[in-house]
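# Structural features, examined
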Amino acid sequence: MYKPSILLIAASALLPMPGLFAGTIEGKAPVATYPEKSIYSGEVGVTFANQYNTRGIIVQDEGLTYQPYLNLYAKIYEGSGFIESTSLIVGLWSDISTNGKVSGPGNPGDRFTEFDYGFGFSFNFTGPWSFTTFFNNWTSPADGYGDGQWINGTFAYDDSGLWGDNFSLQPYVTVLRDLGGDAGTGLIRNSWNIEPGIKPNVTLFKDSQTPLNVGLLVKAGLGSEFYAGETVGYVAVGPQLSTTLGFIDPSHGTWTVSAGYLYYHLADTLAPITGSKDEHLFTFKVGLAF
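This one's a predicted model, so the numbers in the text were calculated from it and none came from an experiment.

### Some remarks on the overall build of the chain
Each helix and strand in the chain was counted, giving 2 helices and 16 strands. When burial is assessed residue by residue, the chain has 36% of its 290 residues classed as buried. When the accessible area of the chain is evaluated, it comes to approximately 15400 Å², of which 64% is carbon and sulfur surface.

Okay, here's the thing in structure tokens:
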């Protein structure tokens, strides 16, 4: 269960911005200066899906689910050593369903299934490697289940340009530790989950205002305790499409639209939860980076 504080943005708005032109020196033309790039950035958006699927565990699969999110970033270090940059991450995420069936007895019909909040750090190393770690706490406003926590770390390798201008593989591996809250991330609390993945992809119409990235995501959920005895909890594969809406003025942020499908083959301990070894996840996402 999850994928920042608004105060970060408010604080950045109070920082003094350099003037467009420095003071004029008699007999000399003005010297142009430009605002430094802000250390703050973020992204906000919403994902629409046919089910709430978290690491192969289906929380609810009736009707439509909305998953709004907000991530804020603050760069706290930039240099030329082994670690090139470090950023602080603050994140919010929610799941809101249309059926309202994942709720406690005191909340009949409540559709606010889950609310997550947490923080983490990202590190960009010399070369194409990066590492991101995040601590996450969740609660269920609908009282569908108890609170819980996890912490994870993701190693990613950005091979863009290695195989040509338009193709990359984007391999990664995420290691997660459930921290034993009232509700477990997996089937057993205080367990480990490992998710290796790869997404071969190609960018079409690269020079247009709406370049289209077409990929095939392949990933798996591993962890014998996490999946109550199964070493492999699931294997998933499916096409992923995304495009940047370059025709929108950059002053309004960078808008992206994504759509995807994943076929999940569930292992013996997960299949009884939904009554099937085969699950189908459809997603559509609109995001804004600023």
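### Observations regarding unusual backbone geometry
The phi dihedral of R55 is positive, around 55 degrees, even though this residue is not glycine. Within the fold, R55 resides in the loop between β2 (52-54) and β3 (57-60). Phi is positive for D143, close to 60 degrees, though the residue is something other than glycine.

### Some remarks on the packing of aromatic side chains
The final tally for this structure, using the stated rule, is 15 aromatic pairs. With centroids separated by 5.5 Å and ring planes inclined at 50 degrees, the aromatic side chains of Y52 and W93 adopt a geometry described as tilted. Of this pair, Y52 sits in strand β2 while W93 sits in strand β5 (residues 83-97), and the two are 41 residues apart along the sequence. Take Y52 and W93: they sit in the same class, and that class is buried. An aromatic cluster is present here, built from F226, Y227, Y234 and Y264 joined pairwise through their rings. Over the aromatic face of W150 sits the side chain of R55, whose NZ or CZ is 5.3 Å from the ring centroid.

### Thoughts on a nonpolar patch on the surface
Taken together, the side chains of L64, Y66, I96 and F112 present a nonpolar region at the surface, about 280 Å² in accessible area. Relative to the helices and strands, Y66 resides in strand β4 (residues 65-78). Classification of Y66 by relative accessible area gives partly exposed; the value is 31%.

### Thoughts on the pattern of salt bridges
Counting across every chain of the model gives 3 salt bridges. The closest approach of N and O atoms between K101 and E62, which form a salt bridge, is 2.7 Å. Here the residue K101 occupies a position in the loop between β5 and β6 (112-125), and E62 occupies one in the loop between β3 and β4, the gap between them amounting to 39 residues. On the basis of relative accessibility, which here comes to 58%, the residue K101 falls in the exposed class. A residue is classified by how much of its surface remains accessible, and E62, at 38% relative accessible area, is partly exposed. Taking the shortest distance from any N to any O, the salt bridge between D268 and K277 comes out at 2.5 Å. By relative accessible area, D268 is classed as partly exposed at 49%.

### Comments concerning the confidence of the model for the chain
Of all residues in the chain, 86% attain a pLDDT of 70 or more, and the chain-wide mean is 88. Across residues 2-34 the pLDDT falls below 50, and counting only partners more than four positions away or on other chains, this stretch makes 41 contacts in the model.

### Concerning the environment of L169
Mapped onto the fold, L169 is located in the loop between β9 (167-168) and β10 (172-178). Sequence separation of L169 and V202 is 33 residues, and the distance between their C-alpha atoms is 9.0 Å. With residues up to four places along the chain from it excluded, the contact list for L169 reads D159, W163, I198, K199, P200 and N201.

### Brief notes about the pairing of strand β12 (residues 201-204)
Pairing of β9 with β12, which is carried by 2 bridges, proceeds in the antiparallel orientation. Bridge assignment links F167 to a residue of β12, and that residue is V202.

### Notes on the nonpolar core
Within the largest apolar cluster, 23 residues are counted, with the highest numbers of intra-cluster contacts made by Y145, Y234, L262, Y264 and L270. At the level of elements, β5, β7 (129-139), β14 (232-244) and β15 (254-266) are the ones that each hand at least two residues to this core. Among the elements that make up this core, the one with the highest residue count is β15 (3 residues). The contacts of Y234, once residues within four sequence positions are left out, are R55, G56, E195, K219, A220, G221, Y227, Y264, H265, L266 and L270.

### A word on the pairing of strand β1 (residues 40-49)
Here 10 bridges tie β1 to β4, and the two strands are oriented antiparallel to one another. When the sheet's bridge partners are listed, G45 is paired in β4 with Y69. Note: β1 against strand β16 (residues 278-289), 7 bridges, orientation antiparallel. Bridge pairing links F48 to F284 in β16.

Conventions adopted
- Residues numbered from 1 in each chain as written.
- Predicted model: local features only at pLDDT ≥ 70, side-chain atom pairs only at ≥ 80, totals over all residues.
- Heavy atoms only, no water.
- Helix = DSSP H or I, 4+ residues; strand = E, 2+ residues; numbered from the N terminus.
- Buried < 20%, exposed > 50% of the residue type's maximum accessible area, 1.4 Å probe, protein only.
- Areas by Shrake-Rupley, 256 points an atom, 1.4 Å probe, with all protein chains shown as cover.
- Phe/Tyr/Trp six-rings, centres within 6.5 Å; stacked < 30°, edge-to-face > 60°.
- Lys NZ or Arg CZ within 6 Å of the ring centre and 35° of its normal.
- Patch = residues over 30% accessible without salt bridge, like charges linked within 9 Å, V, L, I, M, F, W, Y side chains within 5 Å.
- Salt bridge = Lys/Arg side-chain N within 4 Å of Asp/Glu carboxyl O.
- pLDDT = per-residue confidence, 0-100.
- Contact = heavy atoms within 4.5 Å.
- Pairing = 2+ DSSP bridges.
- Core = buried A, V, L, I, M, F, W, Y, C linked by side-chain atoms within 4.5 Å.

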